[in-house]
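Structure assessment
Chain residues, written in single-letter form:
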Amino acid sequence: MFNITECSHEAIFSINETFRCQYILTNCNGDYYNFYKIPFCYFQSQPYFSIPLILLILFCLLFFISETGSKEVSYPLEKIVSYFNINQNIAGLTFLAIGNGAPDIISSLVACADIDGLNLTMGALFGAGCFTTCIVLGTVIIVAESIKVNKEMFLRDIIIYLLGALWISYIFKKGEIKLFDAIVFVGLYCANVVVAMFQLKNKQIEEKRNSDSLLYEQGQEKLSINSVDSNIQTTCIEMTRKEVKSCFSFLKEEYFQSKEDSFSAMTLPQKIFYIFYIFPLSLLKRLTIPEIRDIDFNRVILVLSPFCSFFFVILVLQKTYLLYQATIMLPILFLLVIISFLFCKFGSHKGGKLSLILCPVSFCLSLMWVWFTATNLVDILKMIGIVLNIPESFVGMTLLAFGNSICDLSLNAKLAKTGFAEMAASGSIAGPMFNLLMGLGLGLLRTTLTIGTVKFNPSIITVLPLVFLVFNLIRIGIQAKINNYTLNRSISFIGYITYLIFAFAICYYTFIRSE
């Protein structure tokens, strides 16, 4: 009966609707859940009626992965940076960048496992790059009216970003991806960090010289460069904790859990969302991720967390068969009991003595939550592409790119409004640059190490956003130089027009030219 053994729009819709559910159960699957069952089993006669439910699930996954990345992943790194007094600029390019970019990087790692996922990843990264450098940067400039940026640092990010984009163009031209190609992306990011360290050292020397001269003239006590670093670090860390959050996390804290409003004061939609989504998932994360923040601990949750964390790891790694191995489980359970006792004895409402020790554990378990969510996110995006019969790259550069970038738009605009316009402008370039180099680089590294050289023939839908991205980066660099590295509204308006042309071109080649 089923002579077509592939999971595609043409194959599925060529089957009689009575047998589609059985077909997708045989030929389509997911890592943790088969999302194809929603349109073809639960909405068997009218699969398109499932789109609202699918979009709701997609929104919840984007909400959760963004909120987890901005809080649970970032905070352990911030604590390590603060404790060891790591310079904030270097930490921003390494530890905190990894924390903030973890959802995008893990999504890329998950998606790059096959060609369809590779198209999805590239579409999302290129689409997000176009959106961020056109719309987000343009909005930041309009909010701030004009921004004077540091010439060396601004050009450094643009040049590194351009080199990454040009290397992808070279990969497209030769039609294959090798291990060396993946190493180049990671190497470009490492080179960016090294250059930033030299720039920072020179800047510190210059600031110290200027500071010493000024203090001498005013007859004040000299400040050492260490104290300057300390002040910068405290300010930036405070900004990271309070301001630098995704819009989804902001929505949760300010709209659903405002301190001024109790649960009884919530509206009915707020209560429903809180009861069925916010509260259960927050409880699950508290049970599976050791709490290291300075908040009141629940002793019961603290004692249960080692057991819940272990079973969560087993679930994510899909090693549930270990639960039936007595020789393995008995020693592990004994160890978990000891850990629970230590948590109960040494844990406290201020994080206790175990707080710093638990930072790496908390970080790893948070990454596992992001991995679990990203895997399901990629699966549902692939399913949407098949149901609607649109290319994976288009799904990536629209739904996934918009979901990732809308948070940058909210965050960077807020930073610009509160006086951190230069930081917001730099983030509009450095953020997508980091996601491209490390997200795609690590994803390709995993793929090439696993299956070797990958043949890849990009479609026009994949190449077009890359062309617009390269053009936009060159345009921004030229306009910044002409204006003496002052970003004004002309950059914003041209960016908006560029993105409108890009959106029209993508839709044209996807829905009109393809026919």
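Residues numbered from 1 in each chain as written. Predicted model: local features only at pLDDT ≥ 70, side-chain atom pairs only at ≥ 80, totals over all residues. Heavy atoms only, no water.

**Details of the overall build of the protein chain**
Each helix and strand counted, the protein chain has 19 helices and four strands in total. Within the protein chain, counting contacts between residues at least 6 apart in sequence, those at least 24 apart form 77% of the total. (Helix = DSSP H or I, 4+ residues; strand = E, 2+ residues; numbered from the N terminus. Contact = heavy atoms within 4.5 Å.)

**Some remarks on the pattern of salt bridges**
Taken as a whole and judged by the stated rule, the model has four salt bridges. Note that Arg-156 and Asp-157 form a salt bridge whose closest N and O atoms lie 3.2 Å from each other. Pair check on accessibility: Arg-156 and Asp-157 agree, each one buried. Between Lys-455 and Glu-176 there is a salt bridge; the shortest N-O distance is 2.9 Å. With Lys-455 in strand E3 (residues 454–455) and Glu-176 in strand E2 (residues 176–177), this residue pair connects regions lying 279 residues apart in the sequence. (Salt bridge = Lys/Arg side-chain N within 4 Å of Asp/Glu carboxyl O. Buried < 20%, exposed > 50% of the residue type's maximum accessible area, 1.4 Å probe, protein only.)

**Concerning the environment of Ser-108**
Here Ser-108 shows up in helix H6 (residues 95–111). Apart from residues no more than four positions distant in its own chain, Ser-108 is found in contact with Thr-121, Leu-125, Gly-439, Leu-440 and Gly-443.

**Focus on the nonpolar core**
Counting 102 residues, the largest nonpolar core has Leu-440 and Leu-487 as its most contacted members. Of all the elements, helix H7 (residues 115–144) adds the most residues to this core, at 14 residues. Core analysis: the next-biggest nonpolar cluster, separate from the first, contains twelve residues, Cys-60, Phe-63, Phe-64 and Phe-273 among them. (Core = buried A, V, L, I, M, F, W, Y, C linked by side-chain atoms within 4.5 Å.)

**Quick look at the environment of Cys-507**
Tracing the backbone through its elements, the reader meets Cys-507 in helix H19 (residues 489–512). Accessibility expressed as a relative area gives 36% for Cys-507, which makes it partly exposed. Sequence separation between Cys-507 and Ile-461 is 46 residues; the distance between their C-alpha atoms is 9.2 Å.

**Observations concerning helix H18 (residues 460–482)**
Here H18 contains 23 residues, and its C-alpha end-to-end distance of 33 Å stays within 8% of the 33 Å for a straight helix at 1.5 Å per residue. Remark: Asn-484 follows H18 within two positions and exhibits a positive phi of approximately 60°. (Expected span 1.5 Å × (residues − 1).)

**Points about the confidence of the model for the protein chain**
Taken over all residues, the pLDDT of the protein chain has a mean of 77, while the share at 70 or more is 76%. Model confidence for the protein chain, summarised as mean pLDDT per element, is weakest for helix H10 (residues 225–242) at 36 and strongest for H18 at 91. (pLDDT = per-residue confidence, 0-100.)

**Here we look at a nonpolar patch on the surface**
A surface patch of nonpolar side chains, amounting to about 450 Å² of accessible area, comprises Leu-268, Ile-272, Ile-275 and Phe-276. Tracing the chain through its elements places Ile-272 in helix H12 (residues 268–288). For Ile-272, a relative accessible area of 44% corresponds to the partly exposed category. (Patch = residues over 30% accessible without salt bridge, like charges linked within 9 Å, V, L, I, M, F, W, Y side chains within 5 Å. Areas by Shrake-Rupley, 256 points an atom, 1.4 Å probe, with all protein chains shown as cover.)

**Overview of unusual backbone geometry**
Phi is positive for Glu-145, close to 75°, though the residue is something other than glycine. Structurally, Glu-145 is set in the loop between H7 and strand E1 (147–148). One non-glycine residue, Asn-484, lies in the positive phi region at around 60°. Within the element layout of this structure, Asn-484 appears in the loop between H18 and strand E4 (486–487).

**Some details on the packing of aromatic side chains**
All chains considered together, the criterion is met by 18 aromatic pairs. Centre to centre, the rings of Phe-64 and Trp-369 are 5.4 Å apart; their planes meet at 65°, and the pair counts as edge-to-face. Of this pair, Phe-64 sits in helix H4 (residues 51–83) while Trp-369 is found in helix H15 (residues 359–388), placing the two residues 305 residues apart along the sequence. Here Phe-64 falls in the buried class, since its relative accessible area comes to 6%. Measuring from centroid to centroid gives 5.0 Å for Trp-167 and Tyr-170, while their planes differ by 45°, and the two rings are tilted. Of this pair, Trp-167 and Tyr-170 both sit in helix H8 (residues 151–174), three residues apart, which is roughly one turn of the helix. With relative accessibility at 41%, the residue Tyr-170 sits in the partly exposed group. Three or more aromatic residues link up through ring pairs in this structure, and these residues are Tyr-32, Phe-64, Phe-312, Trp-369 and Phe-372. (Phe/Tyr/Trp six-rings, centres within 6.5 Å; stacked < 30°, edge-to-face > 60°.)

**Observations concerning the state of the cysteines**
By the definition in use, this model includes two disulfides. Linked covalently through their sulfurs, Cys-7 and Cys-28 form a disulfide whose S-S length is 2.1 Å. Residues Cys-7 and Cys-28 are joined by a disulfide whose S-S torsion is about 115°; by sign, that bridge is right-handed. You can see Cys-7 sitting in the segment before helix H1 (9–13) and its partner Cys-28 sitting in the loop between helix H2 (17–27) and helix H3 (37–42), a full 21 residues away along the chain. Residue Cys-28 is classed as buried on the basis of its relative accessible area, which comes to 1%. Covalent S-S linkage joins Cys-21 and Cys-41, the inter-sulfur distance amounting to 1.9 Å. Where Cys-21 bonds to Cys-41 through sulfur, the torsion about that S-S bond is close to 95°, and the disulfide is right-handed. Of the two residues, Cys-21 sits in helix H2 while Cys-41 sits in helix H3, which places them 20 residues apart along the sequence. Taken individually, Cys-21 and Cys-41 each receive the classification buried, so the pair is uniform in this respect. (Disulfide = S-S within 2.5 Å.)

**Section: the side chain of Thr-498**
For Thr-498, the location among the structural elements is in helix H19. Among residues more than four places away in sequence, those in contact with Thr-498 are Cys-134, Phe-468, Phe-471, Asn-472 and Arg-475.

**Let's talk about the packing of H8 against H18**
One way to put it is that H8 packs onto H18 with a least axis distance of 10 Å and a crossing angle of 155°. When the axes of H8 and H18 are compared, the pair comes out roughly antiparallel. Considering only the axes of H8 and H18, their crossing is left-handed. Judged by residue contacts, Phe-154, Ile-158, Tyr-161, Leu-162, Ala-165, Leu-166, Ile-168, Ser-169 and Phe-172 of H8 engage Thr-462, Val-463, Leu-466, Leu-469, Val-470, Leu-473, Ile-474, Ile-476, Gly-477 and Ala-480 from H18. (Axes fitted to C-alpha atoms, helices over the stretch in contact; angles between N-to-C directions. Parallel < 35°, antiparallel > 145°, perpendicular 65-115°, else oblique. Left-handed = near helix turned anticlockwise from the far one by under 90°.)

**Some points on the environment of Asp-31**
Looking at the element boundaries, Asp-31 is found in the loop between H2 and H3. In this structure the C-alpha to C-alpha distance between Asp-31 and Asp-379, which are 348 residues apart in sequence, comes to 7.6 Å. Look past the residues within four positions of Asp-31 in its chain and what remains in contact with it is Gln-318, Thr-375 and Asp-379.

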